[in-house]
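Structural features, examined
Here's the letter readout for the chains.
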Amino acid sequence: MSDPSERPSESMPGPDNNGLKPLSNADDYSLPNTNNNNDLSRIMSRAGIALSNGFPLDDDEDDEGVDEDYVAVDQDDANEFPYWLRRPPTHHRTKLDELHPFVQLLSVSNVEDCAEVENAFPENERCSRDKFVYRLSRCPELSLGLFTLPIIGEGQPKPRATLVGHIIATRTSEPLVTDRAMCLPDNWRNERWSFQHGHAVGHEEGGSTIAIHSLAVLPDHQGKQVGSTLLKSYIHRIREAQIADRIAIIAHDHLIPFYESFGFVSHGASKCQFGGGGWVDLVLELGNEQ
Ligand SMILES: CC(C)(COP(=O)(O)OP(=O)(O)OC[C@H]1O[C@@H](n2cnc3c(N)ncnc32)[C@H](O)[C@@H]1OP(=O)(O)O)[C@@H](O)C(=O)NCCC(=O)NCCS
């Protein structure tokens, strides 16, 4: 590789040849004709951005003067002053931000936390404590938790993080979640593989489908984007690690759009009878097949 500093100057990106300029260098960037800038004022006026001494005002200073009408900016104008039209997005603090969330793999030390989160499900659909012990012992790498920590004053002891949402999964060689995959094998502490009637049950090491058995959020924190943030992070991790061909889950009808928004495809009524049945199979193909 050649030293980038030795490349001809015309090959280096910069304000002169592509019009883009990092915001941190704004002080060094001399704007064309800012003292008497009729073109700039015209563009800002069309885009509904008020100027003070040639600089855009903050939103809260100019809200009242904004024209409600749709304003089209000419492509020619946009090419002329792209720096000024690239305003950083306004970020409103969300309920998720207030949790100061972080995600982390779970371990068997989180079983009680998971049992608490699992109360989000109706009783007949909850994963038992023993299943948490099994799944978080055998394949903790397929789990993910979203935690919150309160802000504390200086010198105060650091509290234990609270688990707000979790994803718990195992591997299966089947393309969909099955009741066999959801089983708790009796002999799992002594045997690496477990079979019932000639079929593998429970976690199948090497299975190319990740079967999610639980995605749940503490009831008090539902509707704050915890579930979607957790699922997005989970999919990203599994996809990046290239450790499976697909992620499968069973869900009730009302959550089909939620999973479809992440790329899961509905495969119709599931054969799973867990918790009384009535599930739909959903699968996200990861495209890592060899
Ligand atoms: C389903 C669940 C995990 C979603 O987590 P959440 O943090 O509450 O969801 P989010 O705030 O991230 O919601 C994102 C979107 O999901 C959809 N959604 C969430 N919960 C929903 C529900 N119960 N019914 C229908 N859509 C729902 C909404 O479209 C929502 O978008 P919106 O915020 O624009 O309304 C959570 O509500 C939960 O734990 N439910 C009980 C357990 C459960 O049913 N788990 C799913 C097993 S398949």
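Computed from a prediction, not measured in an experiment: that's the story for all the values here.

Take the sheet that holds strand S9 (residues 246–251) next. The seven strands are arranged S3-S4-S5-S8-S9-S11-S10 in an open sheet whose pairing can be described as mixed. On the outer flanks of this sheet lie strand S3 (102–104) and strand S10 (265–269), each paired with one strand and no other. On average, adjacent strands in this sheet sit at an angle of 25 degrees to one another, irrespective of strand direction. Of the strand pairs in this sheet, S10 and strand S11 (residues 280–285) are connected by three bridges, and their pairing is antiparallel. Along S11, the bridge assignment pairs Ser266 with Leu282. Strand contacts of helix H9 (residues 226–241): S3, strand S4 (144–148), strand S5 (162–172), strand S8 (209–217), S9 and S11, with the helix running at about 40 degrees to S5, the strand carrying the most contacts.

Here we come to the site of the ligand. Around the ligand lies a shell of 17 residues, among which Gln222, Val226, Gly227, Ser228 and Ala251 are the nearest. Within the residue set of the shell around the ligand, elements represented by two or more residues are S8, H9 and S9. Considering only residue class, the shell around the ligand consists of 10 nonpolar, six polar and one charged.

What follows concerns the environment of Asp281. Assignment of secondary structure puts Asp281 in strand S11. Sequence separation between Asp281 and Ala269 is 12 residues, and the spatial gap between their C-alpha atoms is 6.2 Å. Setting aside residues no more than four positions away along its own chain, Asp281 makes contact with Leu176, Val177, Ala248, Ile250, His267, Gly268 and Ser270.

Turning our eyes to something else, we now look at the pairing of S9. Among the six residues of S9, five are classified as buried, and the element is accordingly described as predominantly covered. Summarising the sheet, S8 and S9 pair through four bridges and their orientation is parallel. Counterpart to Thr209 in the pairing with S9 is Arg246. Note that the unit made of S8, H9 and S9 has a crossover that is right-handed.

Cut-offs applied
Residues numbered from 1 in each chain as written. Predicted model: local features only at pLDDT ≥ 70, side-chain atom pairs only at ≥ 80, totals over all residues. Pairing = 2+ DSSP bridges. Helix = DSSP H or I, 4+ residues; strand = E, 2+ residues; numbered from the N terminus. Axes fitted to C-alpha atoms, helices over the stretch in contact; angles between N-to-C directions. Contact = placed C-beta atoms within 7 Å. Near = placed C-beta within 6 Å. Nonpolar A, V, L, I, M, F, W, Y, C, P; charged D, E, K, R; others polar. Buried ≥ 20, exposed ≤ 12 C-beta atoms within 10 Å, placed from the backbone. Right-handed = clockwise from strand over helix to strand, strands pointing away.

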